Amino acid sequence: MARAVTTQRKIINTAAAWAVGLAIFFPILWTILTSFKTEAQAIADPPLFLGFDWTLENYSVVMERSDYAKYLWNSIIIAGGSTLLGIIIAVPAAWSMAFVPSKRTKDILMWMLSTKMLPAVGVLYPIYLLFIKLGILDSKIGLVIVLMLINLPIIVWMLYTYFKEIPGEILEAARMDGATLKEEVIYILTPMAIPGIASTILLNVILAWNEAFWTLNLTAAKAAPLTAFIASYSSPEGLFYAKLSAASTMAIAPILILGWFSQKQLVSGLTFGAVK
Amino acid sequence: MKRTYGALLGACATIAFASVAAAETITIATVNNGDMIRMQGLTDDFTAKTGHEVEWVTLEENVLRQRVTTDISTKGGAFDIMTIGMYETPIWGANGWLVALDDLSPEYDAADILPAMAGGLSHEGTLYAAPFYGESSMIMYRTDLMEKAGLEMPEAPTWTFIREAAAAMTDRANDVNGICLRGKAGWGEGGAFITAMSNSFGARWFDMDWNAQFDTQPWKDTLEFFVGMMSESGPAGYATNGFNENLSLFQQGKCGMWIDATVAASFVTNPNDSTVADSVGFALAPDNGLGKRSNWLWAWALAIPAGSQKEAAAKQFIEWATSKDYIELVAANEGWANVPPGARTSLYENPNYMEVPFAKMTLDSILSADPNNSTVEESPYVGVQFAAIPEFAGIATEVSQEFSAVYAGQQTVDEALAKAQAITNDAMEAAGYK
């Protein structure tokens, strides 16, 4: 029998959830608020919360100085492309690990994950030289490949976890009905794992969108995404916090909106199979 | 007739092709500050004059440094012009990574570049980067608070006077700190300030055999004086304050004095951003009577990486951006107070510019810093607030972290100096200097 939850407990839980939610959201809220202040208001002490003269000047300056559309387009291509490529490679990999495991499957999974522990700067020069040789420095295709590779372990791990929740008997039944391997993966496995795949895609898009080491180090003028757009407003010698906040708000807005509208899928995907 | 038309068409096509081939698109990596942003806004003038287009890559200073270092050391060719400073230029010039700027046109008048700047941007007498703007450091102080304290700022004060004045101006009840200085870790932040300050106390980083000198009395005197003065009159949490934090404090009227980059003068006197714009005075950075002041010397300069495919167009840009005409262009568009300072002698002979309140003090500060002779005792390195060797940035960042730990009260001056000595000697030994 389920334990009854008292009204008082509900109120406490709700208040606690709101407090945690607001604490997590506060830096974003503060960035958004600062983007509507003047530079002088942005550094005011005590800080101004809502009682200031709101201005759109920072957005106007940022739009005038930078080609936002170009950065946005590059971010979309790089995040979308690397995610798509990653999913295409990771689905068969995760399928084989989940349904046809070998003695070394666990070791391979751990080894894949261990590549994430390598400090990125440790391989900057080899990758940079490789990019020069291949002629893909400052190109979107180069970044699509690199971001796909660095996020691939996470994609494989997530899909592997979701696939493990799907009963193997269903796939066996499909095979007995004459489904080929390709049909089994495309028509049986993938539709059943849609929530998991969707959340993997979303998480990977967010990771690729926010990636700032490789996107800054492997681009110049042509393929630079929104991370470079933000970096161009940061300065250790000059107070440009309001403009930096406007640039940051413009950079995070698309991914924030995407996350907001897909939060249901994201939560259901991340908790997929968590409770039996 | 047909043949004539054909020949004409061919000639037109050749001319068209030739002009397309001559017009290049150059990529420039630069930092985000007011002068550089202004230059980006005026690039149309360069394009109109030469036909060359410009693509900008603007990055935060430390990101830019890492980015261009990776590119130039691998001959990546991502940039046709790089914005670099006085620290990198002589090292990269010596490595053969930069194109020598020894064939600039007579109209450019390279001899007009301030000698201190040209010296710091050269290797063995060859200029490798053209200064876009130069800076030193100086005292910016509140004239009203100084008057209230019953003191008068000398044009060239001593550290003793500054400490006394800071104590007299401090008003904790009204949130006024007598002095605001950099304490933040980082070779270009607190590290730059304490190194420049140490010069005036007779300290140096290395002796002539590249032995670290943190076990000497001048370094102990420098740190003890700094910590003592900041404890008496500095803001709370100064261990994490850099340029921006102090600028913010000064603009809000919370600092009596601030010793920092001369470019800050235009910020603190701008009434749109500063609440104390009409009561700011300037003076030379302090000394200790040992013949060296505590001001630094820096320039952001434009350089061409060796092997650039667009060297001719890049040189044209550098000539345009660092020319006398460019200064006139900025003055016409934005006023004399906004022209890039500290690069050309002729700017300081211009009566229009000398009316700007901080112009003379900026020049005096630049002229009083000598990167080839920055320390009281002889030293083997070039540079005022740094030693122009590749290992310095890494060593100085670690050393400044130890110093910041002193400012934060986490260790004593003696402990920090002992660690700094060991860090520096170990690194120099590993690098083969000893």
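What counts, and where the lines are drawn
- Residues numbered from 1 in each chain as written.
- Chains lettered and ligands numbered in written order.
- Predicted model: local features only at pLDDT ≥ 70, side-chain atom pairs only at ≥ 80, totals over all residues.
- UniProt positions renumbered as here; feature names shortened; annotations may be inferred.
- Helix = DSSP H or I, 4+ residues; strand = E, 2+ residues; numbered from the N terminus.
- Rg over C-alpha atoms; globule rule 2.2 N^0.38 Å.
- Contact = placed C-beta atoms within 7 Å.
- Buried ≥ 20, exposed ≤ 12 C-beta atoms within 10 Å, placed from the backbone.
- Pairing = 2+ DSSP bridges.
- Axes fitted to C-alpha atoms, helices over the stretch in contact; angles between N-to-C directions.
- Parallel < 35°, antiparallel > 145°, perpendicular 65-115°, else oblique.
- Left-handed = near helix turned anticlockwise from the far one by under 90°.
- Nonpolar A, V, L, I, M, F, W, Y, C, P; charged D, E, K, R; others polar.
- Domains from an automatic or database assignment.
- Core = buried A, V, L, I, M, F, W, Y, C linked by C-beta atoms within 7 Å.

Chain B appears in an unreviewed UniProt entry as Sorbitol/mannitol transport system substrate-binding protein from Donghicola tyrosinivorans. Heading Subcellular location (unreviewed entry) of the UniProt record for chain B holds this comment: "Periplasm". Turning to chain B, the UniProt annotation filed under Sequence similarities (unreviewed entry) states: "Belongs to the bacterial solute-binding protein 1 family."

UniProt, in its Sequence similarities (unreviewed entry) section for chain A, records the words "Belongs to the binding-protein-dependent transport system permease family." The UniProt entry for chain A carries this comment under Subcellular location (unreviewed entry): "Cell membrane".

Asks: Even after reading the chapter, I still don't get the overall build of chain B, so can you show me in this structure?
Replies: In terms of regular secondary structure, chain B is built from 18 helices and 10 strands. Here the C-alpha atoms of chain B give a radius of gyration of 24 Å, agreeing with the 22 Å that 2.2 N^0.38 yields for 434 residues. Look at the contacts in chain B between residues 6 or more apart in sequence, and 73% of them connect residues 24 or more apart.

Asks: Is there a simple way to explain the pairing of strand β6 (residues 130-142) of chain B in this structure?
Replies: Two faces belong to every sheet, and in a regular strand the side chains alternate between them. Residues and elements named next belong to chain B. By the criterion of burial, β6 is predominantly enclosed, with 13 of the 13 residues buried. Summarising the sheet, β6 and strand β10 (residues 297-303) pair through 6 bridges and their orientation is antiparallel. Within the sheet, the bridge partner assigned to proline 131 lies in β10 and is alanine 301. As paired strands, β6 and strand β9 (residues 280-284) are joined by 5 bridges and run antiparallel to one another. Note on β9: the bridge partner recorded for arginine 142 is valine 280.

Asks: Before we go on, may I ask you to explain the pairing of strand β2 (residues 53-59) of chain B in this structure?
Replies: Residue and element names in this part refer to chain B. The buried count for β2 comes to 5 of 7 residues, which makes it a mostly enclosed element. Bridge analysis of strand β1 (residues 25-31) against β2 gives 7 bridges, and the strand direction is parallel. By the bridge assignment, threonine 30 is partnered in β2 with threonine 58.

Asks: Any chance you could explain the UniProt feature "domain: ABC transmembrane type-1" (unreviewed entry) in chain A here in plain terms?
Replies: The UniProt entry lists residues 72-262 of chain A under the feature "domain: ABC transmembrane type-1" (unreviewed entry), expressed in the numbering used here. Along residues 72-262 of chain A one finds 75% helix and 0% strand; the C-alpha atoms at either end are 20 Å apart.

Asks: Help me out: how do you make sense of the UniProt feature "transmembrane region" (unreviewed entry) in chain A in this one?
Replies: Residue and element names in this part refer to chain A. Cross-referencing UniProt, the feature "transmembrane region" (unreviewed entry) maps to residues 12-33, 71-96, 108-129, 141-163, 184-209 and 240-261 in the present numbering. For residues 71-96, helix accounts for 100% and strand for 0%, while the C-alpha atoms at its two ends are 38 Å apart. The span residues 141-163 carries 100% helix and 0% strand; its end-to-end C-alpha distance comes to 30 Å.

Asks: What exactly am I supposed to notice about the packing of helix α8 (residues 159-169) of chain B against helix α10 (residues 217-233) of chain B here?
Replies: Two packed helices can be described by the angle between their axes and the distance between those axes. Residue and element names in this part refer to chain B. Running from N to C, α8 and α10 point in directions that differ by 20 degrees, and their axes come no closer than 9 Å. For the element pair α8 / α10, the angle class is roughly parallel. Crossing of α8 against α10: the hand is left-handed. Facing Trp159, Arg163, Ala166 and Ala167 of α8, the residues of α10 in contact are Phe225, Met229, Glu232 and Ser233. The residue inventory of the contact of α8 with α10, partitioned by class, reads 5 nonpolar, 1 polar and 2 charged.

Asks: Looking at this structure, I do not really get the interface of chain A and chain B. What am I missing?
Replies: Interface size is commonly expressed as the accessible area that is lost once the parts come together. Counting residues at the interface gives 26 residues for chain A, matched by 27 residues for chain B. If you list the elements that add at least two residues to the side of chain A that touches chain B, you get α2 (39-42), α6 (124-134) and α11 (213-217) of chain A. For the side of chain A that touches chain B, the element with the most residues is α6(A), which contributes 5 residues. In the side of chain A that touches chain B, the residues fall into 16 nonpolar, 5 polar and 5 charged.

Asks: Is there a simple way to explain the domain arrangement of chain B in this structure?
Replies: All names here are of chain B. Domain parsing of chain B yields domain 1 (2-135 + 298-359) and domain 2 (137-296 + 382-430). On a C-alpha basis, the centroid separation for the pair domain 1 and domain 2 is 32 Å. Each partner contributes to the interface: domain 1 provides 9 residues, whereas domain 2 provides 13 residues.

Asks: What am I meant to see in helix α13 (residues 311-321) of chain B here?
Replies: Along an α-helix, residues three or four positions apart point the same way, because every turn accommodates 3.6 residues. Burial analysis of α13(B) places 8 of its 11 residues in the buried class, the great majority of the element. The complete set of buried residues in α13(B) reads B:Ala313, B:Ala314, B:Lys315, B:Phe317, B:Ile318, B:Glu319, B:Trp320 and B:Ala321.

Asks: How should I be thinking about the environment of A:Trp214 in this particular structure?
Replies: All names here are of chain A. Tracing the backbone shows tryptophan 214 in helix α11. A count of 21 C-beta atoms within 10 Å places tryptophan 214 in the buried class. C-alpha of tryptophan 214 to C-alpha of alanine 120: the two residues are 94 residues apart in sequence and 8.2 Å apart in space. Look past the residues within four positions of tryptophan 214 in its chain and what remains in contact with it is Ala120, Leu143, Val146 and Leu147.

Asks: Explain the packing of helix α4 (residues 68-99) of chain A against helix α10 (residues 194-210) of chain A here, please?
Replies: All names here are of chain A. Running from N to C, α4 and α10 cross one another at 140 degrees; their axes reach a closest spacing of 9 Å. One element, α4, and the other, α10, form an angle in the oblique class. Along this stretch, α4 crosses α10, giving a crossing that reads as right-handed. The segment α4 lies against α10, with Ser75, Ile78, Ala79, Gly80, Ser82, Thr83, Gly86 and Ile87 engaging Ile197, Ile201, Asn204, Val205, Ala208 and Trp209. When grouped by side-chain class, the residues that make up the contact of α4 with α10 number 8 nonpolar, 6 polar and no charged.

Asks: What should I look at first to understand helix α16 (residues 359-367) of chain B in this one?
Replies: Those residues of α16(B) that sit buried are B:Ala359, B:Met361, B:Thr362, B:Leu363, B:Ser365 and B:Ile366. Considering only its buried residues, α16(B) is in contact with α6 (115-120), β6, α12 (264-268), β9, β10 and α15 (351-354) of chain B.

Asks: Explain the nonpolar core here, please?
Replies: The nonpolar side chains of a soluble globular protein tend to be buried, and buried together. A:Ala94, A:Leu159, B:Ile81, B:Met140, B:Met257, B:Ala301 and B:Phe317 are the most contacted members of the largest nonpolar core, which totals 192 residues. In this view, B:Ile81 contacts B:Ile26, B:Ile28, B:Leu302, B:Ile304, B:Ala314, B:Phe317 and B:Ile318; residues no more than four positions away in its chain are not counted.

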